[in-house]
Each structure stands twice: as structure tokens, then as C-alpha cells.
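Spelled out, the chains give:
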Amino acid sequence: MTRQTLVAGNWKMNGTTDSIAELMSGLLSGLDQTGGKQAQVLVFPPTVYLNAVVDQCRNAPLGCGAQDVAVPESGAHTGDVSAAMLADIGCTHVLVGHSERRADHGERSDLVAQKARATLDAGLVPVVCCGETLEDRDAGRTEKVVGEQLDAVISQLDEAALARLIVAYEPVWAIGTGKTASADQAQQVHAFIRNKFASINDTIADRLIILYGGSVKGENAAELFSQPDIDGGLIGGASLTAEQFLPICQAGA
Ligand code: PEP
């Protein structure tokens, strides 16, 4: 089946009110000009800017998600933001299990699974991130590591929930390093992920959007996105300026 390409910009902890206004204005005018000829596009701003960005995305060919979510629905959890709050302000997607959250905050796959569940319960779409370190890859453990990260989430969800997931394969060694996985390397892992879902349900596997992330740029996006199991990208550094991000969105057209 043909899956629509999705390009998602993860702004991480970058930006100011002014720089984000400039980036949004560049994106909105660039995406408008290309009309329907581009991928579905999402941006993931830092939490404090979510409200402003969500407002600007209304009636625009652009959606907005959060970079993280807390598991509890509400209550005495100082500093946390719930999925219900994200849904309330108009977010549609949440990144869960990004390797920087796993590294900086010690997030383990069982917590990632709970975050995916909380996101789904609030009616939002979790983008479940997975990926191996260079050490894992060199030791031939890529599929084992990625498989275990995904199994932790999959085992907690029924088929109706699985049908709503997006997966982002992001080799840790390729994130922010300028080293992109080759199209063949990425395709191999994407096929492994799709097969894993196919062992549960063929239709879910067929419809599953699997993004590649790790130093995607305008120059390598088209080759990556043309692979049969790569359905778009999760873009960090190159999503921080409209000049760099728009050509990637257009590569997914
Ligand atoms: C990311 O933030 O998920 C990412 C892939 O970053 P970069 O594109 O900068 O490698």
C-alpha cells in the first residue's frame, strides 16, 4: 500500500520567541507555496512555545506535537505536563523514548511504553523512537536492541492501539553527528521493524509509518525516503531553519 510521507521537525531545546516566530513564518509561507505537493509536516517545539506554535498551525498545512509527556493524568507532579494538557491545547502527536530522553533522564523502555499508553489514552499519536548505539551496531546487536525497545511498547498495547502508533528509527550514532545511516542500512532496520509488526497483524504493519532520523538533510532526504520501508523523517538540526527544512519536506512529496 502507499503510505503518505511524513516529515517531522524536532526542535529539541532550541529557540526563542523571536526565532520561533521567524521559523514559523518561513515554514508557513514555504509550505503554502508548494500547495499539496509535500509530505505531511509536523513540528515539535519546546514545551513553553507549544501554545503559540499550535495557534499558528491552525488552518495551515502543518501539525504540532510535544517532545515528551508525563504518565500521570494530573495532580502533584511538579514540572510535568500531561497528555490531556497537550490534547487540550491542540497538540496531535508526542515523541516518546527519544534517545536524548533515554540518555539525559535515564528513561527506560518500560517508562516509554507507559508514555505511549498515556498519549494514546488522551487521543494523541505517539511517535515511538528507537535506535542502537554505535557500540551496539559494531557488536551486531542492532536488531536485538531495536527489537527489545519496541517489544516493551508493543507488549503493553492491543491491536487497536498498535494501529495508531508511528515509529521513528533513529540510530543514536547518527543523531546530530552528521553521520547518516546509508539508505541500505536504514532500509534494513525499517524492514525488520515492519516485519515485527507483521508478525502481529499484516494490515497494521502495512499501514505503519516508520520514520528515519539521524542527520537527515536536503541532500540525502530523497534517497532515504525512496526506500520501500522508509516513510519519512524525524529531523533535528535541519528543522531549525526554513531554508534547510523545506527542501526535506519537498523531498517527501
Ligand atoms: C533528532 O533530533 O531526532 C535527530 C534525528 O536529530 P538530527 O537530525 O540533528 O540528527
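Attention in this report is confined to the structure presented alongside it. Everything quoted here is computed from the prediction, not taken from an experiment.

Remarks on the overall build of the protein
If you tally the helices and strands in the protein, you get 12 helices and 8 strands. Taking 253 residues into account, the globule formula puts the C-alpha radius of gyration at 18 Å, and the protein, at 17 Å, falls close to it. C-alpha atoms of the protein, sized along the principal axes, occupy 45 × 45 × 35 Å. Per-residue burial over the protein gives 53% buried out of 253 residues.

Digging into the packing of aromatic side chains
Aromatic rings in a pair are described by how distant their centres are and how their planes are angled relative to each other. This structure, assessed with the given rule, holds 1 aromatic pair. Look at Y169 and Y212: their rings are 6.3 Å apart centre to centre, the planes differ by 55 degrees, and that puts the pair in the tilted class. Placement of Y169 in strand β6 (residues 166–169) and of Y212 in strand β7 (residues 209–213) is noted, with a sequence separation of 43 residues between them. Judged by its relative accessible area of 0%, Y212 is buried.

Observations concerning the site of the ligand
Every one of the 14 residues lining the ligand counts as a neighbour, but K12, H98, E170, G176 and S215 are closest to it. One of the side-chain N or O atoms of H98 is found 2.8 Å from an oxygen atom in the ligand. Between G237 and the ligand, the recorded distance is 2.8 Å, taken from a backbone N or O atom to an oxygen atom. Relative to its free-state accessible area of 290 Å², the ligand is covered by the protein chains to the extent of 96%. Among the residues forming the shell around the ligand, the class breakdown is 4 nonpolar, 8 polar and 2 charged.

So, how was this worked out
Residues numbered from 1 in each chain as written. Predicted model: local features only at pLDDT ≥ 70, side-chain atom pairs only at ≥ 80, totals over all residues. Heavy atoms only, no water. Helix = DSSP H or I, 4+ residues; strand = E, 2+ residues; numbered from the N terminus. Rg over C-alpha atoms; globule rule 2.2 N^0.38 Å. Buried < 20%, exposed > 50% of the residue type's maximum accessible area, 1.4 Å probe, protein only. Phe/Tyr/Trp six-rings, centres within 6.5 Å; stacked < 30°, edge-to-face > 60°. Near = heavy atom within 4 Å. Polar contact = N/O pair within 3.5 Å; in protein donor to acceptor, adjacent residues only side chain to side chain. Areas by Shrake-Rupley, 256 points an atom, 1.4 Å probe, with all protein chains shown as cover. Nonpolar A, V, L, I, M, F, W, Y, C, P; charged D, E, K, R; others polar.

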